[in-house]
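Residue strings, one per chain:
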Amino acid sequence: MNREINTGIASGTIGLLLTAVFFFALEDISWMSILFPKTVVYIMGIISITLLVLGFVKPSRDQIFSAGSNIRWMVTGALFFLWVLFMPVLGFFVSTVVFMTVIVVYLARARTQVTIKKVMVWLPIVIAEVSFFYLVFTKVLYVPLPKGMFF
Amino acid sequence: MLLETFLMLLDPVIILSIFAGVSAGLFVGAMPGLTATMALAVLLPFTFTLPPLHGLVALGAVYMGAIYGGSFAAILVNTPGTPSSIATAFEGYPMSKKGRALEALSIATVASAVGGIAGSLFLLLLSPPLAKLSLRFGPAEYFWVAVLGLTLIASLSEGSAMKGMLGGALGMVIGTMGVAPIGGETRFTFGLPVLQGGVAMIVALIGLFVLPELFNMAAKGRTALSAVEVNSRAKSSFWQATKTVFSMPGNLIRSCIIGEIVAIIPGAGGNVANLVAYNEAKRASKHPEKYGTGVEEGLVATESSNNVTVAGSMVPLLTLGIPGAPPDAVILGVMMLHGLRPGIELFTTSGQLTYGFIISMGLAAIAMVPVGLLGGRLIYKVIFRTPVYFLVPTIAMATMLGTYAVRNSHTDVIIMLILGTAGYLFKQIGIAPAPIVLGLILGNIAEMGFVQTMLSGQASQYPFLKLFENSLSHILIAMILFSAAWPYLSALKRRFKQRSKTAMEDTHE
């Protein structure tokens, strides 16, 4: 599939959208607090318009999302978000063991045939790894990791 | 006195403290998200029971090891372990992709050791005059230093400079989110109280550098290291790495001087020094177009300059009591705890202790070589042998932990994921993460300098003229103009050379 696009126009459009988001969020506060952000937002707008104009005058076409499987990175990304969202509910330890195992199994499918036997080998490794980091952070570094319904 | 002090440092307990400190620092620095400041803060209570010299020596060694440790993750997984190793990833990771990871690690080790020793020598010999220079930096000069740093965007933007500038501006806007440093009001919170604290630089750094790499690994189903055969003839031994590092004396000296100059400016540390040194190395190179493909010069420049800042940033700390970089504030706390007050007394009444601390940092730099070479090989083997389906979630867990530990904030982890995903999408359309991070780092310095200058100029009709008043500002402005014009000047020079070559060929025909 050809995924070649004009990246000048794409980056200019995204830049303009972000400029609009930040421009409308500019509040009426004292000049000391707003002077710098306001200036930078205007500069961002000017750069975005320049990129758009250059995109039309001197188009630069580049391949995007051309490396490997897009489904795989998107699913991995979604699993990362779920992992973090479930952290306060299940607690750091449990959520990390669950989601790490799911990600290991999901990504392993692309390289090897996943069997129950293999999962049974991977699971203790995941638990050992998470336990090590959990103990280092809570007992040595005194970082209070999120506690959920378990611990 | 120096000889006596040196002999005092040969005490086995002190030597052991140095090796233990460097090893602990290396481990923390290699973990993305865990910074040198955090390493020092965490290990601080362990030094309370030690005599002052032993405690300071151990903390100095941790600091040195942490800054160096950041290069491991940068070289092996394209993730700067600390903000001081951002530019290390630009050359170190491409070297790894070519099967030269061990060579890159060895070069980084030697360059870091040289930088660490140079920083200690600078501190030992140049403290008083450098401290005077650092006093001349006012808000206007800080603003211009930040602008000078922003001119690096052109070389960090991997292609289109305009896209790099958009990334830089975006980084600056993200950096302004939360409470204003002067004025105290909140900006860009979008009605969300969780955004009042703003986006911590380290959170953005982790997200923008680590997540795109993890997504890349997931998409490809392999790591950069597993994709290549290790080059068995790679120059990975200590001696060969030493030869490589010392084969570019100009680059080494320039990078050390840059590191020292940046270090004495309070607020700017290894995070700025490594980028400036990289940019200057690229600019001075005969083959700037090869940068980004695994050039040893770039790696030497970043790793030597960031380790110079470790001892270098102690100049304003020991002489004026101003921490040159955040980790120095922890060291200042330890000094205060032991009744040591920065200033001339430190070099007279407590001379042996102060000089002992300075020399110990040089010894810590030397200790990095055996610790780093062994540790580097070990970490490399672990990463090389771990299948990608284990590596991706393991790195993700380490980055989540690192992000969370910055402020014990779950929101920071969510922000990291959002920024990382956006960073991956931006990368596809040509907006690299480096300019965004650079904007974030320098935006804060620029804002402080800019608004403070405007405030101090309120009495005059044109407050902005305050920005142009001092001679140091003029020098910095000249440097900015030169730096900004350099890509065009060198392009012009190349074109001119090409034209004269063609003309010569025509004449011969």
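Quick caveat: nothing in here was measured; it's all calculated off a predicted structure.

Conventions adopted
- Residues numbered from 1 in each chain as written.
- Chains lettered and ligands numbered in written order.
- Predicted model: local features only at pLDDT ≥ 70, side-chain atom pairs only at ≥ 80, totals over all residues.
- Helix = DSSP H or I, 4+ residues; strand = E, 2+ residues; numbered from the N terminus.
- Rg over C-alpha atoms; globule rule 2.2 N^0.38 Å.
- Buried ≥ 20, exposed ≤ 12 C-beta atoms within 10 Å, placed from the backbone.
- Contact = placed C-beta atoms within 7 Å.
- pLDDT = per-residue confidence, 0-100.
- Axes fitted to C-alpha atoms, helices over the stretch in contact; angles between N-to-C directions.
- Parallel < 35°, antiparallel > 145°, perpendicular 65-115°, else oblique.
- Left-handed = near helix turned anticlockwise from the far one by under 90°.
- Nonpolar A, V, L, I, M, F, W, Y, C, P; charged D, E, K, R; others polar.
- Expected span 1.5 Å × (residues − 1).
- Domains from an automatic or database assignment.

Chemist: Could you clarify how one ought to interpret the overall build of chain B in this entry?
Modeler: Across its full length, chain B holds 22 helices and two strands. Taken over C-alpha atoms, the radius of gyration comes to 23 Å for chain B, in line with the 23 Å a tight globule of 509 residues would show. Oriented by its inertia axes, the alpha-carbon framework of chain B measures out at about 75 × 70 × 60 Å. Here chain B, with 509 residues, has 59% of them falling under the buried criterion. Counting contacts in chain B only where the partners sit at least 6 residues apart, residues at least 24 apart contribute 79% of the total.

Chemist: In this structure, what is going on with the confidence of the model for chain B? I would like to understand it.
Modeler: Detailed reading of predicted coordinates is not advised where the pLDDT is low. Residues and elements named next belong to chain B. Per-residue pLDDT for chain B averages 84, and the proportion of residues at 70 or more is 93%. Averaged over each element, pLDDT in chain B is lowest for helix 8 (residues 153-156) (67) and highest for helix 20 (residues 410-428) (93). In the predicted assembly, ipTM is 0.94 and pTM is 0.78.

Chemist: Please explain the packing of helix 4 (residues 92-108) of chain A against helix 5 (residues 116-140) of chain A as it appears in this structure.
Modeler: Between two packed helices, both the angle of their axes relative to each other and the distance between the axes serve to describe the pair. Residue and element names in this part refer to chain A. Where helix 4 meets helix 5, the closest approach of the two axes is 9 Å, and the angle between their N-to-C directions is 140 degrees. With respect to their mutual orientation, helix 4 and helix 5 come out oblique. Judged by the sense of rotation from one axis to the other, the crossing of helix 4 with helix 5 is right-handed. Together, Phe92, Phe93, Thr96, Val97, Met100, Thr101, Val104 and Val105 of helix 4 and Val119, Trp122, Leu123, Val126, Ile127, Val130 and Tyr134 of helix 5 make up the contact between the two elements. Residue composition of the contact of helix 4 with helix 5, by class: 13 nonpolar, two polar and no charged.

Chemist: Just to check I follow, could you spell out helix 7 (residues 139-150) of chain B for this structure?
Modeler: Residue pairs three or four apart in sequence face the same way in an α-helix, which turns once every 3.6 residues. Residues and elements named next belong to chain B. Over its 12 residues, helix 7 extends 17 Å from the first C-alpha to the last, a length consistent with the 16 Å expected when each residue adds 1.5 Å. Counting buried positions over the 12 residues of helix 7 gives 11, a clear majority of the element. Those residues of helix 7 not exposed but buried are Pro139, Ala140, Tyr142, Phe143, Trp144, Val145, Ala146, Val147, Leu148, Gly149 and Leu150.

Chemist: Would you take a moment to explain the domain arrangement of chain A for this structure?
Modeler: Often, the extent of an interface is quoted as the loss of accessible area on bringing the components together. By the assigned domains, chain A splits into domain 1 (4-63) and domain 2 (70-140). Taking only C-alpha atoms, the centre of domain 1 of chain A and the centre of domain 2 of chain A are 38 Å apart.

Chemist: I would appreciate a short explanation of the interface of chain A and chain B in the present structure.
Modeler: The interface of chain A with chain B comprises 55 residues on the first partner and 49 residues on the second. If you list the elements that add at least two residues to the side of chain A that touches chain B, you get helix 1 (7-24), helix 2 (31-57), helix 3 (70-90), helix 4 and helix 5 of chain A. Here the side of chain A that touches chain B is composed, by residue class, of 38 nonpolar, 13 polar and four charged.

Chemist: Help me out: how do you make sense of unusual backbone geometry in this one?
Modeler: With the exception of glycine, the majority of residues adopt a negative phi angle, and the majority of peptide bonds are in the trans configuration. In the Ramachandran plot, A:Phe65 falls in the positive-phi region, its phi being about 45 degrees despite a non-glycine side chain. With respect to the helices, strands and loops of the structure, A:Phe65 is situated in the loop between strand 2 (61-63) and helix 3. Since 16 C-beta atoms lie within 10 Å of it, A:Phe65 is described here as partly exposed. The phi torsion at B:Asn78 lies on the positive side, around 60 degrees, for a residue other than glycine. Its place among the elements puts B:Asn78 in the loop between helix 4 (52-77) and helix 5 (86-97).

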